[in-house]
Structure formats: structure tokens, C-alpha cells
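The lines below spell out each chain.
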Amino acid sequence: MRTKLLLGMLTLSAMLLAGCGNANIVNRIRILVAVGFDRDGELCKGTVAYPNYIHRKGSLAIMKGTGNDPKLILQHLSLQTPRKIRYNKINTIVFSREIAAGGITRLIDTVARDPSLGGNVLLAVSSCSAEKVINSLDRQELENSPYNVVQQNIRDGNVPLSNLYLFLHDYYSEGKDPSMPSLRLDAERQIEVDGYALFKKERLRLVLDTPEMTLFEILLGKKVKGEVPFTYKGELFVMSIHHGSTRLSANMRAVPAAARFEVRLNGGIRSFQGNRIAKNLFEVDDLAASIEHQLMEKLVALLKKIQANGIDSVGVGEEFRSVDRHWNAAEFYRNVYPAMKFDVRVKATLKNSGAGE
Amino acid sequence: MTDSREVHDNLLPALRRMQDKIDGWADVIAHLPFDDAKTERETDRIVQKLQQGYAMIQLAAGAGQALLVNVRDENMGHRANNDTENEFSVIGPKTGFVENLTINMHLLRQQIAVPQLIFEETTIGSLSRTAVVIAYIEGITNPQIVETMRKRLKGIDLDVVYDSALLEQVIADNSNTPFPLFLTTERVDRIAYAVSSGQVAVISGGSPYVLSGPSTFMDFFVSPEDYYLNWISGTFFRIIRMLSVLFSLFASPIYIAVLTYHFEVIPTRLLHPIMLSGLHVPFSPVMEVLFLETTIELLREAGARLPAKIGQTLGIVGGIVIGEASVQAALTSNILLIIVALSALASFTTPIFKMANTIRVLRFPLILLSALLGGLGIVVGFIMLLTHLLRLKSLDTPYLVPFYPFRSGNFADSLVRSSYQYTTNRALFLNPQRKKRYKPDTVKEDIDHED
């Protein structure tokens, strides 16, 4: 009797629970993959891309909606479609510079609190309007989404690692300011990464260009990779960094306080002017020295530039917080950080393989 | 009933050769080359024996008595070959049990040639009076297990024992389970292994399937071939078999759950083929799956009932025509067709037919649960299944041993079929009276080639 009752209860609860199920049968919904936000007067304009399987065999199509809030934009979009709109698979959110400069808290708050979105969403600023970036996806394959463009570069080490999760981490941390890649359309209307956008809390402050982006990545020290150009005896060389590391340490006793960056790079030089290292082994030290010197100057300049804009995108504050019990964010950024000295030490190790002459 | 060759070649010539005067029955019996020749007075008994195929001889002198000579045709109605028909293996012996109890006992005796192999005979069935034999090895099998089996068999009251499968259901610890609690097999080597490792086998007259117990869940996924291959290949195939169980149970439910509720877990690159193949399907995924699964079950059932030659045609008709046509007609998606076909294929890898059936049956509740509750449904179904398995017992031995209760001593031969050097112990949960099976391999001497 008890078993029967139990079985009955189980079946009943399964039935009842089934009512709560939110069925999204995959071929009956419209799956958004990328969204761009622009300012449209008082309102916010959302442009979304979704793969259209019915008419276009899966190439992307565009929809537009306006509203004050992402949810309202979604409602507006919903009014235009015969199928349910689901945004769980969005992997790219693009903000126009205008919106980013005005602050993206409202948008980020909605996005961050939504369990449907993962932490691996790409956030990006667009130099042109976000609408243009998303519009360029029209009739493109899903493969060409900005997410894949950025992700490919992150893997290769051209762009610093960045996603919604890391953005939120930096956004809510006291000693670091968030950042995200910046996109634009090139002359052929192809999406490209044109730099790296640095934020002060939710507002866009500074956009680094691509060479600076590589340097910034070296400073972050998460994945030190990329190509570093330098001149030696009047000729241009490129050092390919195979691997490296950056250690940031805080010197709070110094006056003014100093942050030391110890950069170690391992790489090689391959240029079309012949295998320089193999020709003259004694030149290695000279080459390394010139790299170290030039890179150090560039890194210091970049740090100064970031410092001058009143932002701390590298996370110097975090490092100081970790060693100072009485660290206070407001005080640090008012008094200590603006006058801080940067002590950058670069150690480049050149490696060469292959047959010499 | 009677063996006419016996009558013509032995009985009649023997009678003709009796030239001397016959004084009584003893003289006749002495001249006959038959062991089983007895005199009988009662008509009822005579009738009974005649029905069994005995020959009756009467003497003019010895009225009121008749001599009954056993000239039964023992092999009448039995098949000539005893190849295993349903449990095939490429390597290893192909002999299987047949419908004859004596032959079956003999077959087992060939593999286990020690006098300690005990056959205990009882009779079950109020109408059939089927002889049922309990086989075990004295000194290895735990007497408690034998006693339990004896008791269970004694308690049976059936009219006709058609097959040992009936016995299995009656003596099972839990009759409300889809899982087979005793191993039934037609392979001699499998039963020999079971008996030698301390299990009890039950051979039933008229049944080519012999059952053995206590069995564990893992026993049903072990193929004798695992032991005939080297341990690396044996282990690989065993793991493949276990994975195929999981695949055949969960592939279709996961397909339903993902396509109905959790589309976000589909990788973006996979979305394209899934969407394109299922775009014009008018049914929900669960209807699609039910349609295809039922089709496969129909095919299987029809294939099992049809004669072997027609069965092959059926496979082609079912596989190609129905599959292709339903995709063409946009009734199902291509991807689902692949999944369902693969999971059906996977379910056939289970060596014991009964377990394979169980797995196919269990798929349907899981499909319904996943349609109702999505991924949660699959989890709920899996937990219920696991709870049920944990509660099961076979002849009072836990079914999920060695996983639960955890018995590290038996891991050498469960998921992994270890090298013969490590499988020296008998299954310890059976509490065999001798734990060691054999001594592991000693050092082999190498021929020194350097001269």
C-alpha cells in the first residue's frame, strides 16, 4: 500500500513538475547569437543576429529593436517574430563607444544577473556603431561571428584573455579596472580587433591600439605571447615570444610607491634578412639588450599612459592590496597611484634553432 | 517411442538364440543384452511402462507376469547438434546445452571432472514431473548457498516446468524487477566457470538453458570470450560493452532532453547539422524518438519471430526502407536515426539476452521522463534505477557487488579483466570454501640464444 502511494505521488509530482518545464524545442525557436547595443536618443537600440535555418540554411539574419532595457528590447524583438526568441546562446555583446563612454552598468547588470547567459560571453566595444558590426554579419556563416574572431586571437595570444566573467571580476574588484577588446569594421566590412578598451568602472576611458594591446598583454602576464617589433642597428626585427611570464610586485615602502614588473620573455627572431643569430652568435646579447631596452621603454610609456588616464587596468592596486593590511582603495587611487613609479625589468632570452652557416 | 533398431538388432536376435529350455524369467533375463529388464505383475504399471517405450515379453509358462525391457529411444525428438545458437563466440568452445538433462549433466561433467561435482536431483511440476538438478562443487561452494537454492526449489509448486527460465522467475528474490537475477545461459563454459567459482547451477530437464546463481550485475556483461582473449583486449571489449549499456540507455533520452529543454548545451558548431536535419520534422523530439524506437522494437520482435531466412530480408527492409523513407518524408531527423540505430546496436552487445531485453525496456521510461522533465528527468530516472539496483539481491547476495557493497578483492575481474596472475581468487562475496583458484604463473625460463 505504501509503495503504491509512493509511486502515485512520484507520478503525480512528475506530472506537476512537467508543467513547470520550459520547453524550448530547438527547431521551433529563434536562437540569438550576437547582440549589439547603440544609443538611439533616449532609448537603447539593440541589433541581434541569429542563424536563420528556414530560409538561409543557417546563415545569419538580423533583427532590430529598441527599448530602455535589454529586456524591453527583447520584448520589442519578440513582437516581430513568429517563433520564440531565446538568447541563451548569445556569445557576443557589442557596445558602441558612445554607450560605453556613458556607462554600461545598466546593461551589464541585466546580463550578469541572467542565469541563461554563461560567463564565457565576449564583451566588446565597437569603434563604429554596434549596429554596423552586427549588420555586417548579415548572410554570414555562424563561424564568422565576432566571438570566434576574438577567441581565435585570444588563443594565439594576440588579444588578452577577456570575457564577461573576467569583466565582472575586474568590475567588482577594488584594485583593478575592467577592460575588453575593441572591434571595428575594416574597409571590406570585415570585423577586426582594432585595439583594447580600458574602462574606469563602467565607463570607457581609453582605447589602446594593437601594438599597445600586445604590450598590455605582456604586462598582465597571463599569457605572454605575440610579436614584438624592435629596431637593431637601424633595421626592423620582430621577436616572436614563445612563452614568458610577468611578475608584478609592490614596493610600498619606497617614496613614491613603486610597482615593479619583472618580464621574462623567451622567443626567437626570424626575419627575412637572414638568420642573424646563426651568423654571429655574439650578436645575441646585443640583440637581446636592444629588445630589453626598447621594450622596457614602451612598457613604461604604456603604464604611464594608463596612469595618466586615472585608471588601473593592470591591477597594480590589487597587488598593493595583497601586501598592505590597511589598504584603502579611495586613498590609494587619490594619493598613491597618480604619483607611482614603474620599475620595469625585461629579460629577453633569444633562442635559435636550425642549421647555421 | 521404441528404438526399432534396438528391437531388431538386439532384442529379437537374442530371443532367437535361446535354444535351451527356459525354466523361468531368470533364464530369459540372463540371455538378454539389456540392463533394464524387469518382471511386472500389475497392469497399471505395465501400461505406464509401455507408454514410455518399453517392450513387453510374455511367457506361456509364466502367466500373470510380463517382462518389460527398456528399448526406449532416448534421443527421439532431440536435436542432433548442440552448437550454441544464441550466445555465440568466435573463440572458444561452441558446445551448448541441449534439451536433454542427462546430456547436459554429462557436458558439465566433461568440464569439471572431479568427483566433488555434486548433482542433486529433485522433481518439480505437478503435471510435468520435470527432473531438476542442482549442481555444485563440494568443498568450494558455500553450503549456505546450496541450502538456500535447495529451499527455494523445494518451495516451488508449478504444474509444468517448460523451461528453466520459469524456475528462475519463481525462485527470484524480487519478482517485481526488470532485471534478471539469475544468469541463464546455454554455454557450457559459462556454467562451468560459475560452478567452479562457487555458484550453484540449476539444470532443468527439457531446457537448453541452465541457470546459475547468485549472480551479480556485472556477470551479465561478461562474455567467455573476454577470458579467451588476452587481458588487454578482453578488458577493452568489456569496457566497450559497459559503455554501450550507458549509451543505449541514455542516448535517446539525452537527445530529447537537449532538444526540448537545454538547447544551450549544444555546441554552436553542432547546432547547424542538428537544426538542418530536423528542421521540417513536424513532431516534437519525444514523438520522433518514440516513433523510431517503436519501429526498432517492432523490427527486433518481428525478426525474432520470423524464420532465419526471412529475418535477414526484414533487417534490410527495416533498416534501409523504413529509416530512409522516414527521413525522406521528414518524419524523423537523420541525426536521431543515427542515435536510435546506434543505441539499438549497442543494446545487442550485451551477451546475455535477458539483460539486453531489460536494457531495451528500461529505455522507454527514461525517454518519457526526459520528455517530461528534461535533464532532471534523466537524473531522476537514473537515481530510481540505481536505487532499485542497490536493493536487488540474487540468492541473498547483493546484486551490485563489488561496487556496492564495495569489495576491493573482486575488482581484478569486474570492470577490468585482469591478467591471469591477478585473478587467482574466487569471487569472494560468494564465500567459497576455497578461495584460491590456482597458483599464479611462475617464472618462465628463457632459452639462452647467446652462444
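Since we're looking at a predicted model, the values are computed, not measured.

Some remarks on the packing of aromatic side chains
Working step 1: Evaluated as defined, the whole model comprises 24 aromatic pairs over all chains.
Working step 2: Plain terms: the ring middles of Phe230(A) and Phe237(A) are 5.9 Å apart, the flat faces sit at 25° to each other, and that makes the pair stacked.
Working step 3: Accessibility expressed as a relative area gives 2% for Phe230(A), which makes it buried.
Working step 4: Take Phe237(A): its relative accessible area is 1%, and that puts it in the buried class.
Working step 5: Taken together, the ring pairs connect Phe320(A), Trp327(A), Phe332(A), Tyr333(A) and Tyr337(A) into an aromatic cluster.
Working step 6: Between Arg417(B) and the ring centre of Tyr420(B), over which it is positioned, the NZ or CZ distance is 4.7 Å.

Things to note about helix 1 (residues 4–17) of chain B
Residue and element names in this part refer to chain B.
Working step 1: Relative to the 20 Å expected for 14 residues at 1.5 Å per residue, helix 1 spans 19 Å between its end C-alpha atoms, a close match to the ideal helical length.
Working step 2: At Leu11, helix 1 is deflected by roughly 30°, the largest bend along its length, and proline Pro13 occurs up to four residues later in sequence.
Working step 3: All of the buried residues along helix 1 are Val7, Leu11, Pro13 and Ala14.
Working step 4: Close packing links the buried residues of helix 1 with helix 2 (25–31), strand 2 (54–58) and strand 3 (66–70).

A few points about the domain arrangement of chain A
One frequent convention defines the size of an interface as the accessible area lost when the parts assemble.
Residues and elements named next belong to chain A.
Working step 1: What the domain assignment reports for chain A is domain 1 (27–208) and domain 2 (221–357).
Working step 2: On a C-alpha basis, the centres of domain 1 and domain 2 stand 32 Å from each other.
Working step 3: Taken together, the contact pairs 15 residues of domain 1 with 21 residues of domain 2.
Working step 4: For the pairing of domain 1 and domain 2, the buried interface totals around 1400 Å² over both sides, and the portion due to carbon and sulfur atoms is 55%.
Working step 5: A per-residue breakdown of the area domain 1 buries against domain 2 is headed by Glu174, Gly175 and Leu206, which together make up 31% of the total.
Working step 6: Across the contact surface, domain 1 and domain 2 share zero salt bridges.
Working step 7: Sorting the residues of the side of domain 1 that touches domain 2 by element identifies helix 7 (146–156), strand 9 (191–200) and strand 10 (203–208) as the ones contributing at least two each.
Working step 8: Of the residues contributing to the side of domain 1 that touches domain 2, the split by class is five nonpolar, three polar and seven charged.

Considering the state of the cysteines
Working step 1: Within this structure, the stated rule accounts for zero disulfides over all chains.
Working step 2: Summary of cysteine pairing: Cys128(A) is not part of a disulfide, and the nearest cysteine sulfur, belonging to Cys44(A), is at 16 Å.

Thoughts on the sheet that holds strand 12 (residues 235–251) of chain A
All names here are of chain A.
Working step 1: Read from one edge of the open sheet, four strands run 11-12-13-14, paired in mixed fashion. The sheet is open, and its two borders are formed by strand 11 (226–232) and strand 14 (341–350), each paired with just one other strand. Each strand axis lies, on average, 40° off the axis of its neighbour in the sheet, ignoring direction.
Working step 2: Bridge count for strand 11 against strand 12 is seven bridges, and the pairing is antiparallel. Opposite Tyr232, over in strand 12, you have Glu235 as the bridge partner.
Working step 3: Across the sheet, helix 11 (residues 283–308) is in contact with strand 11, strand 12, strand 13 (258–269) and strand 14; its angle to strand 14 comes to roughly 150°.

Some words on the pairing of strand 9 of chain A
Residue and element names in this part refer to chain A.
Working step 1: Among the 10 residues that make up strand 9, eight are buried, leaving the element largely enclosed by the rest of the structure.
Working step 2: Two elements, strand 8 (residues 179–185) and strand 9, share seven bridges in a ladder whose sense is antiparallel. Opposite Leu183, over in strand 9, you have Val193 as the bridge partner.
Working step 3: Examined bridge by bridge, strand 9 and strand 10 share five bridges and lie antiparallel to one another. What sits directly across from Lys200, in strand 10, is Arg203.
Working step 4: With antiparallel pairing between neighbouring strands as the criterion, strand 9 and strand 10 make up a hairpin whose turn holds two residues, including Lys201 at a positive phi of roughly 50°.

Brief notes about the pattern of salt bridges
Working step 1: The full count for this structure, using the stated rule, is 34 salt bridges over all chains.
Working step 2: Across the pair Asp177(A) and Lys200(A) runs a salt bridge, and its minimum N-O distance is 3.9 Å. Here Asp177(A), found in the loop between helix 8 (164–172) and strand 8, pairs with Lys200(A), found in strand 9; they are 23 residues apart in sequence, far enough to count as distant.
Working step 3: The exposure class assigned to Lys200(A) is partly exposed, which follows from its relative accessible area of 25%.
Working step 4: Linking Glu192(A) and Arg184(A) is a salt bridge whose minimum nitrogen-to-oxygen distance equals 2.6 Å.
Working step 5: The exposure class of Arg184(A) is partly exposed, given its relative accessible area of 36%.
Working step 6: Residues participating in the shared-partner salt-bridge network are Glu293(B), Glu297(B), Arg300(B), Glu301(B), Arg305(B), Arg360(B) and Arg363(B).

Procedures and definitions
Residues numbered from 1 in each chain as written. Chains lettered and ligands numbered in written order. Predicted model: local features only at pLDDT ≥ 70, side-chain atom pairs only at ≥ 80, totals over all residues. Heavy atoms only, no water. Phe/Tyr/Trp six-rings, centres within 6.5 Å; stacked < 30°, edge-to-face > 60°. Buried < 20%, exposed > 50% of the residue type's maximum accessible area, 1.4 Å probe, protein only. Lys NZ or Arg CZ within 6 Å of the ring centre and 35° of its normal. Helix = DSSP H or I, 4+ residues; strand = E, 2+ residues; numbered from the N terminus. Expected span 1.5 Å × (residues − 1). Bend = angle between axes of the 7 residues up to and from the residue. Contact = heavy atoms within 4.5 Å. Domains from an automatic or database assignment. Buried area = accessible area lost by both parts, 1.4 Å probe. Salt bridge = Lys/Arg side-chain N within 4 Å of Asp/Glu carboxyl O. Nonpolar A, V, L, I, M, F, W, Y, C, P; charged D, E, K, R; others polar. Disulfide = S-S within 2.5 Å. Pairing = 2+ DSSP bridges. Axes fitted to C-alpha atoms, helices over the stretch in contact; angles between N-to-C directions.

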